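One-letter residues, chain by chain:
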Amino acid sequence: TFAVDASDDVTIKTAASGGFRFQATTDTVDYFQVLDADGGTAIFNVDATNERIGIGTAAPTYALDVVGDIGVSGGIYHNDDTDTAMHFGVDNVAFVVGGAAMLLLNETTQNEVVINEDQGDIDFRVESDGATHALFVQASDGSVGIGEAVPLGLLHVKSADSGASVNGSANE
């Protein structure tokens, strides 16, 4: 049923098992829109030509294009990969890949950035201009390499310029 009340509010009701489907005979970039009161700003736009949805834009450039801030409570998950996500908590954000908490950003009395929160065998590598292992932490044993991809001790420093290498272990 379709009804317009005295306040010009529109009510559309389907049958108990019904649903709504909109299908244009010709695709358009403004197939379905919700506009603000003066009709100038598209609050919501369905671009049937390019199969895109815009929120706050009449010209979406991605499958979902949002202009403005987005509020999230919970997580954002990668399609077809349920153990890869960004989780938002109170004053923290966790990046989980393959079920492992790879990165945690935590605001507490002592703010912290935590790599490998789950203490798994997840190596950490920092690259620089021309160096793939400027800083490397080998998670399997906690060894640290500076300029070295395979640390030979607890701390292994290697300099390409002088050829000098400093190796150390817990016993030295």
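Anything mentioned here points back to the structure above.
My aim in this report is to walk through the structure given alongside it, one point at a time. (Residues numbered from 1 in each chain as written. Predicted model: local features only at pLDDT ≥ 70, side-chain atom pairs only at ≥ 80, totals over all residues. Heavy atoms only, no water.)

Points about the environment of A58
And step 1. One can find A58 in the loop between strand 5 (52–55) and strand 6 (64–66).
And step 2. Owing to a relative accessible area of 42%, A58 belongs among the partly exposed residues under this scheme.
And step 3. When the C-alpha positions of A58 and V46 are compared, they lie 8.2 Å apart, and in sequence the two are 12 residues distant.
And step 4. Among residues more than four places away in sequence, those in contact with A58 are V29, Q33, A42 and N45. (Helix = DSSP H or I, 4+ residues; strand = E, 2+ residues; numbered from the N terminus. Buried < 20%, exposed > 50% of the residue type's maximum accessible area, 1.4 Å probe, protein only. Contact = heavy atoms within 4.5 Å.)

Quick notes on the sheet that holds strand 8 (residues 81–89)
And step 1. Strand order in the open sheet formed by five strands is 7-8-9-10-11, with antiparallel pairing between adjacent strands. The two strands at the open ends of the sheet, each matched to only one other strand, are strand 7 (74–78) and strand 11 (112–115). On average, each strand axis in the sheet is inclined to that of its neighbour by 15°, with strand direction left out of account.
And step 2. Bridge count for strand 10 (residues 100–106) against strand 11 is four bridges, and the pairing is antiparallel. Each residue of the ladder has a partner; that of L105, found in strand 11, is V113. (Pairing = 2+ DSSP bridges. Axes fitted to C-alpha atoms, helices over the stretch in contact; angles between N-to-C directions.)

Notes on the packing of aromatic side chains
And step 1. Applying the stated criterion across every chain, the model contains two aromatic pairs.
And step 2. Judged by centre distance (5.6 Å) and plane angle (35°), the rings of F22 and F32 are tilted. One end of the pair, F22, is in the loop between strand 2 (10–12) and strand 3 (32–35); the other, F32, is in strand 3, and 10 residues separate them in sequence.
And step 3. By relative accessible area, which is 57% here, F22 ends up exposed.
And step 4. Residue F32 is classed as partly exposed on the basis of its relative accessible area, which comes to 33%.
And step 5. Taking 6.3 Å as the distance between ring centres and 75° as the angle between the ring planes, the aromatic pair formed by F32 and F44 counts as edge-to-face. Residue F32 is located in strand 3, and its partner F44 is located in strand 4 (residues 42–47); the two are separated by 12 residues in the primary sequence.
And step 6. An aromatic cluster is defined as three or more aromatic residues linked by ring pairs; in this entry it consists of F22, F32 and F44. (Phe/Tyr/Trp six-rings, centres within 6.5 Å; stacked < 30°, edge-to-face > 60°.)

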